[in-house]
Every structure is written in C-alpha cells, then in structure tokens.
Amino acid sequence: MASNEKELVVIGAGPGGYAAAFHAADLGLKVSLIDPEVNPGGVCLYRGCIPSKALLHLTKTKEEALTASAWGIKFEEPKIDLKKVKKWKKSVVKKLTDGLGQLGKSRKIEYIQGKAKFIGENELEVITKDKETTQLTFKNAIIATGSSEVNLPNIEVDHQKVWNSTDALELNEIPKKLLVIGGGYIGLELGSVYAGLGSKVSIAEMTDGFLPGTDRDLVNVFEKKHPFQEVFFETKVENLKVNKKSLSVSLKGKEKEQKKSFDAVLVAVGRTPNTKELGLDKIGISLDEKGFIEVDLQRKTKHSHIYAIGDITGEPLLAHKASHEGRIAAEVIAGKKGAGYDPKIIPGIVFTNPELAWCGLTETQANKENKKVEVKKFPWSASGRAVAIGENSGVTKLIIDPETEVILGGGVAGKDAGSLIPEIALAVEMGTTASDLSLTIHPHPTLSETIMESAELFLGGATHLG
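Predicted model only: the values in this text are computed from it and were never measured.

What counts and what doesn't
- Each chain carries its own residue numbering, running from 1 in the written order of its sequence.
- The predicted origin of the model limits local features to residues at a pLDDT of at least 70 and limits the giving and counting of side-chain atom pairs to 80 or more, whereas totals for whole chains, interfaces and linings rest on all residues.
- As a rule here, side-chain values cover all heavy atoms of the structure and leave hydrogens and water aside.
- Convention adopted: a line fitted to C-alpha atoms gives each axis, helices being fitted over their contacting stretch, and angles between N-to-C directions are expressed from 0 to 180 degrees.
- Secondary structure elements are taken from DSSP: a helix is a run of H or I of four residues or more, a strand is a run of E of two residues or more, and numbering for both begins at the N terminus.
- Angles below 35 degrees are treated as roughly parallel, those above 145 as roughly antiparallel, those between 65 and 115 as roughly perpendicular, and all remaining angles as oblique.
- By convention the crossing between two helices is left-handed if the near helix lies anticlockwise of the far one by an angle smaller than a right angle, and right-handed if it lies clockwise.
- In what follows, a contact means two residues having at least one pair of non-hydrogen atoms within 4.5 Å.
- Residues are grouped as follows: Ala, Val, Leu, Ile, Met, Phe, Trp, Tyr, Cys and Pro are nonpolar; Asp, Glu, Lys and Arg are charged; every other residue, Gly included, is polar.
- Throughout, exposure labels follow a simple rule: accessible area from a 1.4 Å probe, protein chains only, divided by the maximum for the residue type, with under 20% read as buried, over 50% as exposed, and the rest as partly exposed.
- Here a pair means two rings of Phe, Tyr or Trp (six-membered ring of Trp) with centres within 6.5 Å. Their orientation is stacked below 30 degrees between planes, edge-to-face above 60, and tilted elsewhere.
- Two thresholds decide whether a charge sits over a ring: the Lys NZ or Arg CZ must be within 6 Å of the ring centre and within 35 degrees of the ring normal.

A. Examining the packing of helix 1 (residues 15-26) against helix 8 (residues 319-333) more closely. The contact between helix 1 and helix 8 brings their axes to 7 Å, and the two run at 30°. When the interaxial angle is binned, helix 1 and helix 8 end up roughly parallel. Crossing geometry of helix 1 relative to helix 8 is assigned as right-handed. For the pair formed by helix 1 and helix 8, the contact residues are Pro15, Gly16, Ala19, Ala20, His23 and Ala24 on the first element and Ala319, Ala322, Ser323, Gly326, Arg327, Ala330 and Glu331 on the second. When grouped by side-chain class, the residues that make up the contact of helix 1 with helix 8 number 7 nonpolar, 4 polar and 2 charged.

What follows is the structure, given as structure tokens:
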C-alpha cells in the first residue's frame, strides 16, 4: 500500500456506512468515511427513520391520552405547539448524530465531509463541503450511498404544496387537508403523523389495499383503526394542478374519476438507489434491471476490492439490513474467515398505530409458492395484557412446517409489534420448533405470551383460547 493510499474508504455514512466504518476500525483497519453531512447518520437519522419515529411516538401519545377517557381518565384536547415539536425533533436528531460523530473520532476514523465519485478502480474524486476538489487513492472501498425518494413523472414536487418525505418531516405547516400518494410504509407512517397533528389525511393507492404484498390479516388490524379521512384504493393520480390557495387533484379509480381539493400533497411512492453520481461507468460497474449494484455474499462487486451495501444492492431497503451488510463487508476486508451474508430472514416493521411487523416466510408467499404450511393465529382479545391496556384488536401468527414443527415465519399486528417480532426472527434463524416456543416460559402478563400461545395452538390448544 502506497504511503498516501487509504486502507479503506467508505462512501456514505448512513446506518450501513457508519456501521461498516466503525466495525472496520474496531478490527484494526485505518478508515476514511465520506459523507455530505457534518456527522454520520445518513437519511435514516437526519431525514428518515429517527425523526419519523419520534413524531409517531408523539402522535401515539396523543391518541393514548384521548383513548384513556373511556377508562375513566379524561384529558383536555391536546394542543399542538408546532415550534416546540420541531425543536424536540431536531434535538433528537442532533443528539444521535453528534453521538455518532464522537464515536467516529474515538475510533480515529478520518471523516471527510463531501461527496465522492470514482475516477478509477483505485481512485476517487472528492468535492468537499467548501467546494474544493481533491483526489485520493484507496486499497479497499465500500459504497453505501443509500436511496432517495421516487418521483412521479406527471407530478412535480415543488417542496411548497407538493412534498416528498423530506419536506413532510420539516413540519413547516399542518395542512387542513393532506393527500398522501402511496399506501406503503412511508405513506402510512407520515400520513399517521399528520393525522395525529390535526390534518384531515386521505390516501391514494394504486393497488387494492395498504402495504401491497403484506399478509392481509395483519393489514386488516390497521385498516380497522386507521386515522385517515378518505382512502382511495385502485386509484391513480391523473393530474395535479397547483392553485393559489389549494391543489386540484384528479383521481382515477377503477370505476370512476373524481376531482378533489387539498391544501398539500405528499408523494410517497417508494425509494430509488443513489448510484447516478458515483461514476460507476468509469470502473465498469453496471446496474441490474432495477438499478441496483450486483454483489456476492461477501458484498463484493465485480471488483474484489470494491464492496457495496444497503439500499443500492437491492430490497428490502431497510436500515438494519444495511448495517448487517456493512459489518459483513468490514469483516471480509479485515480478513476474517467465514464472513458472509447469509440471513434467513430480515424483519420488516411499519410503525403505525397499531404497529405491523413480520419476518421469514409469509402466508402470502406460501400460498403463491403452493408451500404446505400451518398458520396459527392467536387473537389479542384472548390476551390478558392486551385487554388490560386496551389493545385487544391485535393478532400474532406463526407460519409452521407441519411435518417438522419448524417455525418458518410469523407476524404481529398491535402495540409494540416491532419489539415482539425479534423473538420470532430468532426462532426462524435458529430453526426453532413450535414445541421449543411453547416450552419456553414467557412472563405473565405480557404481549410476548401471544407468541407462546400461537405455538401452543399448533400443538393442540392454547391455554387462553377455547
């Protein structure tokens, strides 16, 4: 390695990039981390996962306070102090990103604030925050540039009345009437935030239900309690006209076309990998038909010293997937034997109220593949804990191999579903059987018991279900 050559350069400091950089440094590598932001964190911490979940927690708190009136505790109608909410959200982001900056410094990672692109197989051009252009060479590189919002060809996002998810998280206003285009997890989460803050929110979704591809029994739990004013399924936004005080939107459904007026529109139809400005053509790396970089199980591209992780390598576009891939790439570069990407499952969570979570084989996939499984569902109406906290509309399900009893997948819909799904995920990864889950004593009264009792249903009958 030349004296001025970087041992490892990580391009992008989101959950994948900083996880890779930190782990590589812990393994003894000299690391340079490049990102446009002042500290690590990426979209997830600055404009995605963290601020959205902070706001969802706030609106869930409001909803719980209002619900408590039915139990004998009546609060006045909560008042929203938008300036204070924004300040609190920014403080959460700053605390976490500043913390990551300190963790990088403690590991002696060289942090370069700027953007990088390849100009050769071992060379990068970096434009720093001060618009200065420098070049550096590297022995190994990890690309971790993440993804950005997908735009619709017939709708211009002006960031004033027509928003993307980044605009929505700025909380510059709470519109009286908001249309969200897209019924996936981003649309539902941000739509829920604005509904909780006082907007009358409508959803327009091209498919026949929320969260396309997700098991309907889980989605149904949310659909029965969703906070939206109007929902337009199998509907396309044909036209959008920005007027002086409002927006006129043409909605084309399966049976009719109608015009509606809104104060703002949020476009939330998915995300696309950030690969255009990387100079990949300079090093002969092409993209697949969906725009992703192809990698092997060690996250190597066609060049054995250049790795790619996270959203740019394919679905699911999730922070925890990126972090895991980053750690794998770091271990391979550090020479750890046996390092490779081989998860059985990657959990998915939608942080709405109620939450939805799933992992492994889904019932939808099993039906599509004609795979013989047994699906066991435990309704939360039979859970003492769920009833005691007013959350008895939820459900826990397990997907089980009928011959071996092995847990193949599962899902949860209800309060704190995202905190329950890891037990099912671990069961799938470990090849756990229904008997194993049933014989594991779960504390009472907790929602975790619904997992145990779902397993008991497979074995003949659950204690709290006739």
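B. Quick peek at the environment of glycine 120. Along the polypeptide, glycine 120 turns up in strand 3 (residues 110-120). We classify glycine 120 as buried; its relative accessible area is 15%. When the C-alpha positions of glycine 120 and isoleucine 283 are compared, they lie 5.9 Å apart, and in sequence the two are 163 residues distant.

C. Representation of the packing of helix 3 (residues 49-67) against helix 6 (residues 185-197) in the model. Running from N to C, helix 3 and helix 6 point in directions that differ by 45°, and their axes come no closer than 9 Å. In terms of their interaxial angle, helix 3 and helix 6 are classed as oblique. The hand of the helix 3/helix 6 crossing is left-handed. Only Glu189, Leu190, Ser192, Val193, Gly196 and Leu197 of helix 6 make contact with helix 3, whose side of the interface consists of Ser52, Lys53, Leu55, Leu56, Leu58, Thr59 and Lys62. Looking at the contact of helix 3 with helix 6, its residues break down into 6 nonpolar, 4 polar and 3 charged.

D. Spatial organisation of the packing of aromatic side chains. Within the structure shown, the criterion is met by 7 aromatic pairs. Between tyrosine 18 and phenylalanine 22, the aromatic rings sit 5.5 Å apart at their centres with planes inclined by 45°, giving tilted as the arrangement. With a gap of 4 residues between them, tyrosine 18 and phenylalanine 22 both fall in helix 1, about one helical turn apart. Pair check on accessibility: tyrosine 18 and phenylalanine 22 agree, each one buried. Three or more aromatic residues link up through ring pairs in this structure, and these residues are Phe210, Phe222, Phe228 and Phe233. The side chain of lysine 177 reaches across the aromatic face of phenylalanine 262, ending 5.6 Å from its centre. Directly above the aromatic system of tyrosine 341 lies the positively charged group of arginine 299, at a separation of 4.2 Å from the ring centroid.

Function cannot be read off these values alone, since they describe shape.
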